[in-house]
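Here is how the chains run, residue by residue.
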Amino acid sequence: MSRRIVLLVTSPRMPAGLLTAAAWDLVRAHPVLTAVESETTTALRASGATVTVLPEPNAALLLDAAQPVAVWLAGPAGDEFLARELGLRLAREPGLAELELMYGSWDPPGARLLDAVAVTDRLQATDPWRAEQTHRTLAKYLLEEAYEAYDAIVAGDHAALRDEMGDVLLQVLFHAQLAQELPEGAAWNVDDVAGDFVAKMIRRNPHVFADTPVDDVDEIIANWERIKAEEKGHAGAPAGSALDGITWSLPSLTLAAKVLTRIARHGLPQPEPADTLGGRLLALVAAAGPDIDAEAALREELRRYAASLPTRN
């Protein structure tokens, strides 16, 4: 009977013992070897598996243990060094054993967010700069990172956008950590943020989660704004509340577009032309229409102008 070595890889981000049925059948039927004790080894032993720790594993030890099958429980990094050693040995002597890779568990979408939380937790515990920060001192960085992500979008630089999204995520995690230090009853954490987000998306998208019929995108937007107004206690408010919920600290051109779009959606009159700088700017945004991003257009024009300037010698 030919010998077989199975490299069992599991996700370090999944709960210990959460394995596929095939993986459980394997570890219960054959000896399991690994380099260190872990929550997974504890879970395997509790379920009847035989687990042996080899602090300095090598190909020869695994081949000796395969009588006829041995299972190597890989560590969080996958133990590539051992897999490479085994592969080279069996390439030279293919009759020694068969080498098989089995995934006992794997990362679900979004699992690396757990790593992001762990990294920011460590920063919180050990980084002196981080220990001095507050919501207010971090606020400017949130804006800066959002603008840098915006610039990457306008530039069409997808690699830069990926990087900037990580910086934006870092700000979210930092603020969630700070909020854990608030007084009892006021504190919240990143799980609360995620839970609130999920609940909000379900409430505000009844066409997706509650089978509410809609005819077009305009009706989807109208439902969103109606539900948002009800959440904020503005249901039944007078016509002037059409601008409720708008963030007035937005950049002016973006703010102008949002105000104009909102009043048009509510059937309110457009602003009267004013012979002032602000009035002329507002008129330009109105003339551009809802499909033109005035903020992006001006930024693009400024970039073109900057690129046309002569360089200094």
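Look a little higher up for the structure.
Along every chain, residues carry numbers that run from 1 in the direction the sequence is written. Totals for whole chains, interfaces and linings use every residue, but because this is a predicted model, local features are given only for residues with pLDDT of at least 70 and side-chain atom pairs only at 80 or more, for both listing and counting. Calculated side-chain values reflect all of the structure's heavy atoms, with hydrogen atoms and water omitted.

### Comments concerning the overall build of the chain
Counting from the N terminus, the helices are DSSP H or I runs at least four residues long and the strands are E runs at least two residues long. When helices and strands are counted, the chain shows 14 helices and five strands. A compact globule built from 313 residues should have a C-alpha radius of gyration of about 20 Å, whereas the chain, at 29 Å, is more than 25% larger. Principal-axis analysis of the C-alpha atoms places the extent of the chain at approximately 90 × 65 × 45 Å. Here the chain holds 313 residues, and the buried ones make up 27% of them. Sequence-distant contacts in the chain: of pairs separated by 6 or more residues, those separated by 24 or more amount to 60%. Total accessible area computed for the chain in this model is approximately 20,200 Å², and 59% of it derives from carbon and sulfur atoms. Asp and Glu are treated as the negative residues and Lys and Arg as the positive ones, with His and the ends of the chain left uncounted. Just so you know, the charge point we use is NZ for Lys, CZ for Arg, CG for Asp and CD for Glu. Side-chain charges in the chain split into 28 positive and 45 negative, and the spacing between the mean points of these groups amounts to 2 Å. Within these notes, the globule rule equals 2.2 Å times the number of residues to the 0.38 power, and the radius of gyration is based on C-alpha atoms. Only protein chains enter the area calculation, which uses a 1.4 Å probe; residues under 20% of their type maximum are buried, those over 50% are exposed, and those in between are partly exposed. We call two residues in contact when some of their heavy atoms are within 4.5 Å. Only the protein chains shown count as cover for residues, and all accessible areas are computed by the Shrake-Rupley method using a 1.4 Å probe.

### Some points on the side chain of T41
Structurally, T41 can be placed in helix 2 (residues 39-46). Reaching out from T41, the side chain makes a polar contact with the backbone oxygen of S38 at a distance of 2.7 Å. Beyond its immediate stretch of four places on either side in the chain, T41 contacts T34, V36, V51 and L73. Pairing of N or O atoms within 3.5 Å defines a polar contact, subject to two protein rules: one partner must be a possible hydrogen donor and the other a possible acceptor, and residues neighboring in sequence count only if both atoms are side-chain atoms.

### So, the pattern of salt bridges
Definition used for salt bridges: Asp or Glu carboxyl oxygen within 4 Å of a side-chain nitrogen of Lys or Arg. Going through the model one piece at a time under the given rule, you end up with 17 salt bridges. Between E100 and R4 there is a salt bridge, and its shortest N-O distance comes to 2.6 Å. Within this pair, whereas E100 is found in strand 5 (residues 98-103), its partner R4 is found in strand 1 (residues 4-9), the two being separated by 96 residues in sequence. Look at E100 and you get partly exposed, because its relative accessible area is 27%.

### Focus: the sheet that holds strand 5
Overall, parallel pairing links the five strands, which are arranged 3-2-4-1-5 in an open sheet. Because the sheet does not close on itself, it has two edges, and the strands there are strand 3 (51-53) and strand 5. For this sheet the average axis-to-axis angle between neighbouring strands, irrespective of direction, equals 25 degrees. Every angle, taken between N-to-C directions, lies between 0 and 180 degrees, and every axis is a line fitted to C-alpha atoms, over only the stretch in contact when it is a helix. Helix 2 rests against strand 2 (32-34), strand 3 and strand 4 (69-73) of the sheet, and its axis sits at about 145 degrees to strand 3. Relative to strand 5, helix 4 (residues 80-92) is tilted by about 150 degrees, and along the sheet it contacts strand 1, strand 4 and strand 5. For two strands to be treated as a pair, DSSP must find at least two bridges joining them.

### Considerations on unusual backbone geometry
Cis rather than trans, the peptide bond between Q67 and P68 has omega equal to 0 degrees. Along the polypeptide, P68 turns up in the loop between helix 3 (59-65) and strand 4. Despite not being glycine, D79 has its phi angle at roughly 55 degrees, a positive value. Tracing the chain through its elements places D79 in the loop between strand 4 and helix 4.

### A short note on the pairing of strand 4
Counting buried positions over the five residues of strand 4 gives five, a clear majority of the element. Residues V69, V71 and L73 line one face of strand 4 and the alternating positions A70 and W72 line the opposite face, and both faces are buried. In the sheet, strand 1 pairs with strand 4 via five bridges, with the strands oriented parallel. Across the sheet, R4 pairs through a bridge with V69, a residue of strand 4. Here strand 2 pairs with strand 4 via two bridges, running parallel. Bridge assignment links V32 to a residue of strand 4, and that residue is V71.

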